[in-house]
Amino acid sequence: MERAKGKFPLRAVALFLAAALCLLPASCTLTGTSSAAESARDKLLEYYEELGEEGLSEQMQALVLLAAGGTVSKETVERLIPVSDQTLPIDTLCSAIYLTEAARLDSRSYRGQNLVTLLSQRQMEDGSFGFLEETVRAAMTLENVGANYDREGVIRLLISAQRPDGGFCAQEGGETDLTLTGLTLSLLTCFEDDYRAQTMLERAVEYLAALASALPEPPPDCEALSAVICGLADAGQELSSEQWSGLLDAILDCQTQDDTFAAQPGQASDQGATTHALAALEAVHSGKSWWNSVILRSGVVSLSIVEGEETLYEVGRFVLQEEETALSLLGRFCAANGIDIQYQMGAVLSIEQIQASG
């Protein structure tokens, strides 16, 4: 019996529909999550635009806005960064360095203080800057401004802090700390030339992939989710893929009716959670966290000081300032790293005990 032209057999139609229906849920979930994340980011940017600079009360708010392409005036920066003879907490000092650099100010001569030197001098003999989370934040800050510090000491600490499952814990034998794990993942991406760091990075990504596939109840809070999402973005993960959709869904569940965010679903709007949420959503949007993008947008160069064929000092990342010259860049680098330099009339006379050749 001849089939009518232009028609499919019923069996073929049924198989086609079955295949389409199998594919539909994953595809729709993925598209919906990505779209919802972009929409939530846009609404938060509108929220901060309405809030205005006078409504900014924390350094991180200004940093996340700068990472998202916004502007923050010098007056606001100076209002948000405390200048004091007292020792600043590590977190405050790190964000102050980021904020000055991101606003195209000089953290090495900010209102009479060298913030970078103040931070690098806080490193202890064991390589730490205090607690492990403070150590990670400090190391990431110094990496991004191209300052010297005991990187090897930090890497040794991280090796001892990684649990067998790939997560990181603040104390030996403790439970995995998701915020610490996300922050550490961002830092490890700065150590591209160290195989130990890359091994730790791969293990951490595997741990987070398992977590994303089966989030616990209750889910991690907004700050922890933000740190994890930012770390995965820095590690080059495609966060709009189905693999990570559970993390995006979890942070979007923290969105409140007024489009700000709460620490946990169903709770009241929280200023800190709102800032962390924007940090995560911006990382999804741009593919980099504010840790590894907000300073780098100012322009970064590599810098080395050589004598003959010997390299005396070298750094892969050093941030250019507006209207920077080669001499001013060299002077800032030496000042930040305690290197004695003498120059006159635009010419270098000596670096440490080495005299310039004629």
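Residues numbered from 1 in each chain as written. Predicted model: local features only at pLDDT ≥ 70, side-chain atom pairs only at ≥ 80, totals over all residues. Heavy atoms only, no water.

### Here's the deal with the side chain of serine 293
Stated formally: The numbering of helices and of strands both runs from the N terminus, where a helix is a DSSP run of H or I of at least 4 residues and a strand a run of E of at least 2. The term polar contact refers here to a pair of N or O atoms within 3.5 Å; inside protein, the definition further demands a hydrogen-donor-capable atom paired with an acceptor-capable atom, and it admits residues adjacent in sequence only when both atoms are side-chain atoms. Contacts are assigned to residue pairs that have any heavy atoms within 4.5 Å of one another.
Mapped onto the secondary structure, serine 293 falls in the loop between helix H12 (271-286) and strand E1 (300-307). Looking at serine 293, its side chain comes within polar contact range of the main-chain oxygen of serine 289, at 2.7 Å. Setting aside anything within four residues of it in sequence, one finds serine 293 in contact with Ala67 and Lys288.

### A word on the pattern of salt bridges
Our working definition: Each reported salt bridge corresponds to a side-chain nitrogen of Lys or Arg within 4 Å of a carboxyl oxygen of Asp or Glu. Whether a residue is buried, partly exposed or exposed follows from its accessible area with a 1.4 Å probe, protein chains only, as a fraction of its type maximum: under 20%, in between, or over 50%, in that order.
Going through the model one piece at a time under the given rule, you end up with 12 salt bridges. For the salt bridge of arginine 156 with glutamate 152, the shortest nitrogen-to-oxygen distance reads 3.9 Å. Separated by 4 residues within a single helix, arginine 156 and glutamate 152 lie in helix H7 (residues 151-161), roughly one turn from each other. With relative accessibility at 44%, the residue arginine 156 sits in the partly exposed group. Residue classification places glutamate 152 among the partly exposed positions, given a relative accessible area of 33%. In this structure, arginine 196 engages aspartate 194 in a salt bridge whose closest nitrogen and oxygen atoms are separated by 2.8 Å. Taking the relative accessible area as the measure of exposure, arginine 196 reaches 21% and is therefore partly exposed. The exposure class of aspartate 194 is buried, given its relative accessible area of 12%.

### Re the packing of helix H2 (residues 59-67) against helix H4 (residues 90-102)
Cut-off, in case you're wondering: Only the stretch in contact is used when a helix axis is fitted, and all axes are lines through C-alpha atoms; the angle between N-to-C directions ranges over 0 to 180 degrees. A crossing counts as left-handed when the near helix is turned anticlockwise from the far one by less than a right angle, and as right-handed when that turn is clockwise. Basically, the charged four are Asp, Glu, Lys and Arg, the nonpolar ten are Ala, Val, Leu, Ile, Met, Phe, Trp, Tyr, Cys and Pro, and anything else, Gly included, counts as polar.
Where H2 contacts H4, the axes come no closer than 10 Å and their chain directions differ by 40 degrees. Judged by the twist between their axes, the crossing of H2 over H4 is left-handed. Residues Gln59, Ala62, Leu63 and Leu66 of H2 lie in contact with H4, whose contacting residues are Thr92, Ser95, Ala96, Tyr98, Leu99 and Ala102. Of the residues that constitute the contact of H2 with H4, the class distribution is 7 nonpolar, 3 polar and no charged.

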